[in-house]
Amino acid sequence: MLEIGGATTQAGTGRRVVYQVKYSLAEDSQGARSGRIALARGEWHALTGGFPVNITSHTIEAVVRQAMSSEIDDLDMEALERSR
């Protein structure tokens, strides 16, 4: 299991978004990704996650970070904050 945490800048808004992600890699080069982002007041929002394929132990971190950044870029952070 790979666990990464960090921050990314959301495209279009320039907003800094803190995230945590977990990824497990199966022997058949497939795996499962789950993650969450930090919202105001210390709350977390679960991300969709996914099942990337053709991943190796050498490419896993870059693929997971790219998937998380793409998902975060598509979020309406203001709407998420208001819904809490």
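Residues take numbers from 1 onward in each chain, read along the sequence in its written order. Given that the model is predicted, a residue must reach a pLDDT of at least 70 before its local features are reported, and side-chain atom pairs must reach 80 or more before they are shown or counted; all residues, however, enter totals for whole chains, interfaces and linings. Only heavy atoms go into the side-chain values, all of them from the structure, while hydrogens and water stay out.

Draft legend 1. How the structure looks around the overall build of the chain. For helices the rule is a DSSP run of H or I covering at least 4 residues; for strands it is a run of E covering at least 2, with both sets numbered from the N terminus onward. Across its full length, the chain carries two helices and four strands. For the chain, the α and β elements follow one another from N to C terminus as β-β-β-β-α-α. If you line up the chain on its principal axes, its C-alpha atoms span 40 × 20 × 15 Å. Accessibility here uses a 1.4 Å probe with only protein chains present; expressed as a share of the type maximum, an area under 20% marks a residue as buried, one over 50% as exposed, and anything in between as partly exposed. Considering the chain as a whole, with its 84 residues, one finds that 31% of them fall into the buried category. Positive residues here are Lys and Arg, negative ones are Asp and Glu, while His and the chain termini are left out of the count. Lys charges are placed at NZ, Arg charges at CZ, Asp charges at CG and Glu charges at CD. Between the averaged position of the 9 positive side-chain charges in the chain and that of its 11 negative side-chain charges there is a distance of 7 Å.

Draft legend 2. Fine view of the pairing of strand S1 (residues 2-9). As judged from the eight bridges shared by S1 and strand S2 (residues 16-25), these two strands associate in the antiparallel manner. Its bridge partner lying in S2, Glu3 is registered against Lys22. Criterion used throughout: strands pair if DSSP finds at least two bridges between them.

Draft legend 3. Summary view of the nonpolar core. Residues grouped as a nonpolar core are buried Ala, Val, Leu, Ile, Met, Phe, Trp, Tyr and Cys residues, joined through side-chain atoms within 4.5 Å. If you look at the biggest cluster of nonpolar residues, it comprises 15 residues, and the most contacted ones within it are Tyr19, Val21, Ile37, Val64, Met68, Ile72 and Met77. Only heavy atoms matter for contacts: two residues are in contact if any of them lie within 4.5 Å across the pair. Excluding residues that lie within four positions of it along the chain, Met68 makes contacts with Tyr19, Gln20, Val21, Arg33, Gly35 and Leu47.

Draft legend 4. Representation of unusual backbone geometry. In the Ramachandran plot, Arg41 falls in the positive-phi region, its phi being about 65 degrees despite a non-glycine side chain. Here Arg41 lies in the loop between strand S3 (31-38) and strand S4 (44-46). Judged by its relative accessible area of 59%, Arg41 falls in the exposed class.

Draft legend 5. Structural context of helix H1 (residues 60-73). Residue count minus one, scaled by 1.5 Å, sets the expected span of a helix. Its 14 residues place the ends of H1 20 Å apart at the C-alpha level, agreeing with the 20 Å of an ideal helix rising 1.5 Å per residue. All buried positions along H1 are accounted for by Ile60, Val64, Met68, Glu71 and Ile72. Angularly, the buried residues of H1 cover 100 degrees about the axis, an arc narrow enough to put them on a single face. Seen from the open side of H1, the exposed residues pointing more than 90 degrees away from its buried face are Ala62 and Gln66. The elements touched by buried residues of H1 are S1, S2 and S3. When we speak of the arc, we mean the arc of directions from the helix axis to the C-beta atoms.

Distances and angles like these do not, on their own, reveal function.
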